[in-house]
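Each chain is listed here by its residues.
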Amino acid sequence: MDRHDKLTRLKDHLATLESVVVAYSGGVDSTFLLKVAHDVLGDRVVAVTAQSSTYPERELGEAGDFARRAGIRHVIFPSAELDVPGFAANPVNRCYLCKRELFSKIKDIAAQEGMRHVVEGSNLDDLSDYRPGLQAIKELGIISPLRGAGLVKVDIRRLSQELALPTWDKPAFACLSSRFPYGQRITRDKLRAVEQAEQYLLDLGLRQVRVRHHGDVARIEIPAEERCRLFDAELMDKIYEQFKVFGFAYTALDLKGYRTGSMNEVIDTAK
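Residues numbered from 1 in each chain as written. Predicted model: local features only at pLDDT ≥ 70, side-chain atom pairs only at ≥ 80, totals over all residues. Heavy atoms only, no water.

J.: So, a negative patch on the surface: which residues are in play, and what are the values?
T.: Taken together, the side chains of Asp-232, Glu-234, Asp-237 and Glu-241 present a region of like negative charge at the surface. By the element assignment, Asp-237 lies in helix α9 (residues 233–245). (Patch = residues over 30% accessible without salt bridge, like charges linked within 9 Å, V, L, I, M, F, W, Y side chains within 5 Å. Areas by Shrake-Rupley, 256 points an atom, 1.4 Å probe, with all protein chains shown as cover. Salt bridge = Lys/Arg side-chain N within 4 Å of Asp/Glu carboxyl O. Lys, Arg positive; Asp, Glu negative; His and termini not counted. Charge placed at Lys NZ, Arg CZ, Asp CG, Glu CD. Helix = DSSP H or I, 4+ residues; strand = E, 2+ residues; numbered from the N terminus.)

J.: Kindly report on the nonpolar core, identifying the contributing residues and their values.
T.: Judged by nonpolar contacts, the single largest core of 30 residues is most densely connected at Leu-10, Val-20, Val-22, Tyr-24, Phe-32, Leu-34 and Leu-151. Going through the elements one at a time, α1 (3–17), β1 (20–23), α2 (28–41), β2 (45–51), α3 (57–70) and α7 (153–162) are the ones with two or more residues in this core. Considering each element in turn, this core owes the most residues, seven residues, to α2. Setting aside residues no more than four positions away along its own chain, Leu-151 makes contact with Lys-6, Leu-10, Phe-32, Asn-123, Leu-124, Leu-146, Ile-156 and Leu-159. With 18 residues, the next largest nonpolar core counts Val-75, Phe-77, Ile-137 and Ile-142 among its residues. (Core = buried A, V, L, I, M, F, W, Y, C linked by side-chain atoms within 4.5 Å. Buried < 20%, exposed > 50% of the residue type's maximum accessible area, 1.4 Å probe, protein only. Contact = heavy atoms within 4.5 Å.)

J.: Outline unusual backbone geometry, listing residues and values.
T.: The backbone phi angle of Glu-18 is positive, close to 75 degrees, even though this residue is not glycine. Under the relative-accessibility criterion, Glu-18 is labelled partly exposed at 38%. Phi at Asn-90 takes a positive value of approximately 60 degrees, unusual for a residue other than glycine. Tracing the sequence through the fold places Asn-90 in the loop between β3 (74–78) and α4 (94–113).

J.: Could you give me a rundown of the packing of α2 against α7, with the residues and numbers involved?
T.: One way to put it is that α2 packs onto α7 with a least axis distance of 10 Å and a crossing angle of 55 degrees. Between α2 and α7, the interaxial angle falls into the category oblique. Remark: the crossing between α2 and α7 carries left-handed chirality. Between α2 and α7, the contacting residues are Val-28, Asp-29 and Phe-32 on the first element and Lys-153, Ile-156, Arg-157, Leu-159 and Ser-160 on the second. Among the residues forming the contact of α2 with α7, the class breakdown is four nonpolar, one polar and three charged. (Axes fitted to C-alpha atoms, helices over the stretch in contact; angles between N-to-C directions. Parallel < 35°, antiparallel > 145°, perpendicular 65-115°, else oblique. Left-handed = near helix turned anticlockwise from the far one by under 90°. Nonpolar A, V, L, I, M, F, W, Y, C, P; charged D, E, K, R; others polar.)

This is the structure in structure tokens:
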């Protein structure tokens, strides 16, 4: 089945739902889902976004800009993941704890808005990594239309480009809590340090970055093909000094480069 057949299947499914709240982060997948849902259901779609310390202001601003331009009702609600029992301790099921709390609130908003269903933007590729949050989504009865249509990431990017969505080539993004090794306590100050450090690297012109927080050490991940960009003494000194301002005593470059779910490699090794 090619991507256009999958898109038709997605539209047909959405049409049967009648009205939906889209859990909307402003990323590639949720923006695509929101666009298609709005095309199919019109005003019977509401985008809902959580504002929290684990979600950069940059991402929130981009999400809001798209919803406004598209004329889609957008509800932003405060979320405090660090107050969820057990979350700040950063256990291996942290994502489950977060998604359970988050989507429970989104379901409440859907009821208040008179929307029949809540949909979210995970795709088939997400099943290949350790994602305990998907269990919470299943338990709460949240619908995953992109997976149901058989869409993978490359399909979504290509269809997004065809729909002229600004996110078609947007770098992958994950919650800032994913920057910490399991078992290391997460705090607002640490989250802020990570957000500032990543924004600084983005402002230098790097497109895909992760700053992993290892206590006093910041471990920078950038795509393998871009690693050589940092092999400049003046630039390295500049980054080192700025990261000290953010609270990192040491700054290191990951020799392997950026990859999704790198913190899960410890789990795989343990297995």
